[in-house]
Amino acid sequence: MTSLNSHGLRFAFGTLTVLPVRVSRWDRGTARAGMLCAPLAGLAVGLLAAAPGALFLLGGSGPLVAAVASAALPAALTRGLHLDGLADTADGLGSARPAEDALRIMKQSDIGPFGVITLLFVLLAQVAALHELYGRGWAYGALGTVVAAVTARLALTLASRRGVPPARPEGLGAAVAGTVPPLGAVAVACAVVVCCAAAGALLGGYAAALQHTLAALAGLGAAHVMLRHCVRRFGGVTGDVFGALEETAATVALLALSLSLAR
């Protein structure tokens, strides 16, 4: 079990980040452990993305520069993999073609108009939300960045649960689809949401704990709606769909947090 957990961590960090981690096992057991560890990869990405944002703000740059830094770092730390998946999924959904044709469009290396428009507005939304958070102080912006990153990877854990089929017989989607037992997914989700609430409580007491909890739940809810739509549309999940789920969860969590803290 210790060896499996070690390989699972390697799987999570090696597939979800650009950190120099060597993935030596690709079996279903390792994929299950890796997807259960996905929020830990999100925590690492969130902390690394929050650091320059906080430093820029403390250095007097202003909240906009801090927001751009914290929005750009996750893309760099994943080689833009999730943003690429979001764009491809948008092109597939926007094509209005049958599932087989839509999947073929998603596999193409170019990006269509739906993908461009989706990327533009998602990144603008992330920067705008982070601008609001950093406007309240570096701690709010940094914590919001971390909560969004962890929530985004938790959405991947939940999307890997049993009962969610792959749309193709190959690729990352097929490797991880249906690997996570439902109870395991629920346990990880509860642990992550509790940690988000605890972090919020340290920042601003009960009210902030509730706000960060609701933000995480909002991100997961939006990702779940996207997941159901993609499964109906494509017949299952793909690596691109996982990228779309990650970006959806992160963006909605940030927007929900910025709106709740603005009151």
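Numbering of residues starts from 1 in every chain and runs along the sequence as written. Local features in this predicted model are restricted to residues whose pLDDT is 70 or higher, and side-chain atom pairs enter the listing and the counts only when it is 80 or higher, whereas totals over whole chains, interfaces and linings include all residues. Heavy atoms from the whole structure form the basis of all side-chain values; hydrogens and water molecules are not counted.

1. Comments concerning the packing of helix H5 (residues 81-94) against helix H7 (residues 113-136)
Pairs of packed helices are described in terms of their axes, by the angle between the two and the distance that separates them.
And step 1. Between H5 and H7, the least distance of the axes is 7 Å, while the angle of their chain directions is 130°. As the angle between them shows, H5 and H7 are arranged oblique. As for the relative orientation of H5 and H7, their crossing is right-handed in sense. Listed contacts from H7 to Leu83, Leu86, Ala87, Ala90, Asp91 and Gly94 of H5 are Pro113, Phe114, Gly115, Thr118, Leu119, Val122 and Leu123.
And step 2. By residue class, the composition of the contact of H5 with H7 is nine nonpolar, three polar and one charged. The axes used here are C-alpha line fits, helices contributing only the stretch in contact, and every angle between their N-to-C directions lies in the interval 0 to 180 degrees. Here a strand is any run of E in DSSP of at least two residues, a helix any run of H or I of at least four, and the numbering for each starts at the N terminus. Roughly parallel refers to an angle under 35 degrees, roughly antiparallel to one over 145, roughly perpendicular to one between 65 and 115, and oblique to any angle outside these ranges. Helix crossings get a hand from a simple test, with the near helix turned counterclockwise from the far one by less than a right angle marking a left-handed crossing and a clockwise turn marking a right-handed one. It only takes one pair of heavy atoms within 4.5 Å for two residues to be counted as in contact. Three classes are used: nonpolar for Ala, Val, Leu, Ile, Met, Phe, Trp, Tyr, Cys and Pro, charged for Asp, Glu, Lys and Arg, and polar for all others, with Gly counted as polar.

2. Comments concerning the environment of Gly205
And step 1. Assignment of secondary structure puts Gly205 in helix H10 (residues 182-234).
And step 2. Sequence separation of Gly205 and Arg153 is 52 residues, and the distance between their C-alpha atoms is 25 Å.

3. A word on the packing of aromatic side chains
And step 1. Working definition: rings of Phe, Tyr and Trp (its six-membered ring) pair if their centres are within 6.5 Å, and the pair is stacked with planes under 30 degrees apart, edge-to-face with planes over 60 apart, and tilted otherwise. The tally for this structure, following the rule as stated, stands at zero aromatic pairs.
And step 2. Between Arg136 and the ring centre of Tyr140, over which it is positioned, the NZ or CZ distance is 4.9 Å. Remark: a charge is flagged as sitting over a ring if the NZ atom of Lys or the CZ atom of Arg is within 6 Å of the ring centre and within 35 degrees of the ring normal.

4. What to know about unusual backbone geometry
And step 1. Although it is not a glycine, Arg79 adopts a positive phi angle of roughly 55°.
And step 2. For Arg79, the position within the fold is in the loop between helix H4 (63-77) and H5.
And step 3. Positive phi outside glycine occurs at Ala96, with the angle close to 60°.
And step 4. Considering the arrangement of structural elements, one finds Ala96 in the loop between H5 and helix H6 (99-107).
And step 5. In this scheme, a residue with accessible area under 20% of its type's maximum is buried, one over 50% is exposed, and one in between is partly exposed, where area comes from a 1.4 Å probe on protein chains only. For Ala96, a relative accessible area of 68% puts it in the exposed group.

5. Quick look at the pattern of salt bridges
And step 1. Whenever Lys or Arg places a side-chain nitrogen within 4 Å of a carboxyl oxygen from Asp or Glu, that contact is recorded as a salt bridge. Overall, the coordinates contain two salt bridges when judged by the stated rule.
And step 2. The shortest N-O distance in the salt bridge between Asp101 and Arg104 comes to 2.3 Å. Of this pair, Asp101 and Arg104 both sit in helix H6, three residues apart, which is roughly one turn of the helix.
And step 3. Classification of Arg104 as partly exposed rests on a relative accessible area of 44%.
And step 4. Linking Glu246 and Arg153 is a salt bridge whose minimum nitrogen-to-oxygen distance equals 2.6 Å. Here Arg153 lies in helix H8 (residues 138-159) and Glu246 lies in helix H11 (residues 239-261), a separation of 93 residues in the sequence. Both residues of the pair, Glu246 and Arg153, count as buried.

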